[in-house]
Amino acid sequence: MNVTAKIRARRAEARTRKAVNRAIDQAATPAMRHELIALAQTQNVWR
């Protein structure tokens with residue numbers, strides 16, 4: 001993987017992390033928040 005591809009991949013991961021965190025913060029119910037957290041953990045969104 002070249003340097004440019006690594007930078008793009010890192011930026012994409014950051015965008016995904018930000019989107020997941022935003023969705024968790026704006027979740028309508030605690031149950032939805034917990035569901036989003038569980039999905040993020042199974043998908044390895046947070047390292």
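Residues numbered from 1 in each chain as written. Predicted model: local features only at pLDDT ≥ 70, side-chain atom pairs only at ≥ 80, totals over all residues. Heavy atoms only, no water.

S.K.: Explanation requested: the overall build of the protein chain in the structure shown.
M.R.: If you tally the helices and strands in the protein chain, you get 2 helices and 0 strands. Considered along the principal axes of its C-alpha atoms, the protein chain spans approximately 40 × 20 × 10 Å. For the protein chain, the accessible area works out to roughly 4100 Å², and carbon and sulfur atoms hold 53% of it. (Helix = DSSP H or I, 4+ residues; strand = E, 2+ residues; numbered from the N terminus. Areas by Shrake-Rupley, 256 points an atom, 1.4 Å probe, with all protein chains shown as cover.)

S.K.: Got a minute to help me understand a positive patch on the surface in this structure?
M.R.: A grouping of Arg 10, Arg 17, Lys 18 and Arg 22 is seen on the molecular surface, where their side chains present a positively charged patch. Topologically, Arg 10 is positioned in helix α1 (residues 3–25). (Patch = residues over 30% accessible without salt bridge, like charges linked within 9 Å, V, L, I, M, F, W, Y side chains within 5 Å. Salt bridge = Lys/Arg side-chain N within 4 Å of Asp/Glu carboxyl O. Lys, Arg positive; Asp, Glu negative; His and termini not counted. Charge placed at Lys NZ, Arg CZ, Asp CG, Glu CD.)

S.K.: Looking at this structure, I do not really get the packing of α1 against helix α2 (residues 30–42). What am I missing?
M.R.: Each packed pair of helices is defined by two parameters, the angle between the axes and the distance between the axes. Their axes nearest at 9 Å, the elements α1 and α2 cross at an angle of 160°. When the axis of α1 is compared with that of α2, the two are roughly antiparallel. Relative to α2, the crossing made by α1 is left-handed. Contact residues: α1 offers Val 20, Ala 23 and Ile 24, while α2 offers Arg 33, Leu 36, Ile 37 and Ala 40. Looking at the contact of α1 with α2 residue by residue, the class counts come to 6 nonpolar, no polar and 1 charged. (Axes fitted to C-alpha atoms, helices over the stretch in contact; angles between N-to-C directions. Parallel < 35°, antiparallel > 145°, perpendicular 65-115°, else oblique. Left-handed = near helix turned anticlockwise from the far one by under 90°. Contact = heavy atoms within 4.5 Å. Nonpolar A, V, L, I, M, F, W, Y, C, P; charged D, E, K, R; others polar.)

S.K.: What is the right way to look at unusual backbone geometry in this model?
M.R.: In the Ramachandran plot, Asn 44 falls in the positive-phi region, its phi being about 60° despite a non-glycine side chain. Looking at the secondary structure, you find Asn 44 in the segment after α2.

S.K.: Got a minute to help me understand α2 in this structure?
M.R.: The α-helix winds at 3.6 residues per turn, so residues separated by three or four positions along the chain end up facing the same way. The end-to-end C-alpha distance of α2, which contains 13 residues, comes to 18 Å, matching closely the 18 Å that a straight helix rising 1.5 Å per residue would cover. Directly after α2, the chain includes Asn 44, whose backbone phi takes a positive value near 60°. (Expected span 1.5 Å × (residues − 1).)

S.K.: I tried to follow the environment of Ala 9 on my own but got confused; where do I start?
M.R.: Tracing the backbone through its elements, the reader meets Ala 9 in helix α1. Classification of Ala 9 by relative accessible area gives partly exposed; the value is 30%. Spatially, the C-alpha atoms of Ala 9 and Asn 21 are 18 Å apart, while their sequence positions differ by 12 residues. (Buried < 20%, exposed > 50% of the residue type's maximum accessible area, 1.4 Å probe, protein only.)

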